[in-house]
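Residue strings, one per chain:
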Amino acid sequence: MEVRHDWTVEEVQALFDKPFMDLVFEAQQVHRQYHDPNKVQVSTLLSIKTGACPEDCKYCPQSAHYRTDVDRERLLEVERVLDAAQKAKTSGATRFCMGAAWKNPKERDMPYLLDMVRGVKSMGLETCMTLGMITGDQANELAEAGLDYYNHNLDTSPEFYGNIITTRTYQDRLDTLSHVREAGMKICSGGIIGMGESSRDRAGLLVELANLPTHPESVPINMLVKVKGTPLESVDDVDPFDFVRIIAVARIIMPNSAVRLSAGREDMNEQMQALCFMAGANSVFYGCKLLTTPNPGEDKDMQLFAKLGINRQEQAAKPDEVQAQELLGQVAQRVAARPTKDDLFYDASV
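Looking at an unreviewed UniProt entry, one finds the chain named Biotin synthase and attributed to Photobacterium rosenbergii. Under the Sequence similarities (unreviewed entry) heading, UniProt states for the chain: "Belongs to the radical SAM superfamily. Biotin synthase family." We quote the UniProt Pathway (unreviewed entry) comment for the chain here in full: "Cofactor biosynthesis; biotin biosynthesis; biotin from 7,8-diaminononanoate: step 2/2."

Below, the discussion takes up the overall build of the chain. Scanning the chain from terminus to terminus reveals 12 helices and 11 strands. Within the chain, buried positions represent 56% of all 350 residues. For the chain, the share of sequence-separated contacts (at least 6 apart) that also reach a separation of at least 24 residues comes to 76%. With an accessible surface of roughly 15,300 Å², the chain has 50% of that area assigned to carbon and sulfur atoms.

Glancing now at the nonpolar core. Side chains of nonpolar character tend, in soluble globular proteins, to be buried together. Counting residues in hydrophobic clusters, the biggest one holds 96 residues, and the most contacted among them are Ile48, Tyr59, Phe96, Met129, Leu142, Phe243 and Ile253. Ignoring anything within four residues of it in the chain, the contact list for Met129 reads Ile48, Met98, Leu113, Met116, Val117, Leu142, Leu147, Tyr149, Tyr150 and Asn151. The next biggest cluster of nonpolar side chains, apart from the first, holds 5 residues, and it includes Leu45, Cys97, Cys128 and Phe285.

It is worth spelling out the pattern of salt bridges at this point. Side chains carrying opposite charge are able to pair once their charged atoms draw close together. If you walk through the whole model with that rule in mind, you get 16 salt bridges. Between Arg181 and Glu217 there is a salt bridge whose closest N-O contact spans 2.9 Å. Pair noted here: Arg181 is in helix H7 (residues 170-182) and Glu217 is in the loop between helix H8 (199-210) and strand S7 (218-223), with a separation of 36 residues, a long-range link. Classification of Arg181 as partly exposed rests on a relative accessible area of 25%. Judged by its relative accessible area of 24%, Glu217 is partly exposed.

About the cut-offs
Residues numbered from 1 in each chain as written. Predicted model: local features only at pLDDT ≥ 70, side-chain atom pairs only at ≥ 80, totals over all residues. Heavy atoms only, no water. UniProt positions renumbered as here; feature names shortened; annotations may be inferred. Helix = DSSP H or I, 4+ residues; strand = E, 2+ residues; numbered from the N terminus. Buried < 20%, exposed > 50% of the residue type's maximum accessible area, 1.4 Å probe, protein only. Contact = heavy atoms within 4.5 Å. Areas by Shrake-Rupley, 256 points an atom, 1.4 Å probe, with all protein chains shown as cover. Core = buried A, V, L, I, M, F, W, Y, C linked by side-chain atoms within 4.5 Å. Salt bridge = Lys/Arg side-chain N within 4 Å of Asp/Glu carboxyl O.

Here it is, written out as structure tokens:
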């Protein structure tokens, strides 16, 4: 399949309108052409600065504009971040993402952020940050420190965007993605489904992502987690088949990208997640909590992966009792590495 950067909304809408089975079958064919169909990349997210964000994103419990149960916290100490990263690595994550509820980072914060990147990188983990808008100079500093990915979601289509956010423009988001790419980092950018947008808005979001000069290496697709106190707390639920459709279309039009199941997985049963993997999802956020909203625990994900044959490691045949002892050791490691109540995981929908 040809990799394109000239999709139209009409073409993408036509994909959405296909019979469900035909769409998923096409997406699975594309997926197998570009990826290992039984491999899923695992990332963990940590909130390094929580709450009191000046942005007015209507989905976000961290916005200072709304009354939610999220407490405001200062930037975490570097040592706490590195400790959480080590726990994430022990639990099986290969990428550690750090998120701050900011409109943009201040220069006084940059030395601490750079130390976090260097420390996590030294553990052998891939690094990712989401800090709001960044300048070209800040992007270069982060890249020099070893940051692999920068996350900055477009959230929705340009046409629907003003219904959700007024404190920064769509062009602001695109400019940040340009700074990231020019600094040589990889882009993690996707959107949120279930904010009251139309099917055409979903197509418009994917067109914006697919028509970037280079497709984002990672495309997180979030299903809105409705939080009391935010303006979107009472919107209608997303139909599961509609969610699977957007995964499938993202896979077809961005064949090289990792398509990530992000916020909202706690409300997806195993069958829905399996359909998402069949439709081309090949990345998840791993960890028991995404800040104020629940996320499937590591053990639950391991059980689902085992049922689906995902991430099964090839290994030499061993006596059953030896293999059993090794598995018990792995479980004990994961239990010891579980986040404590002081570890705050970042909401992927932000």
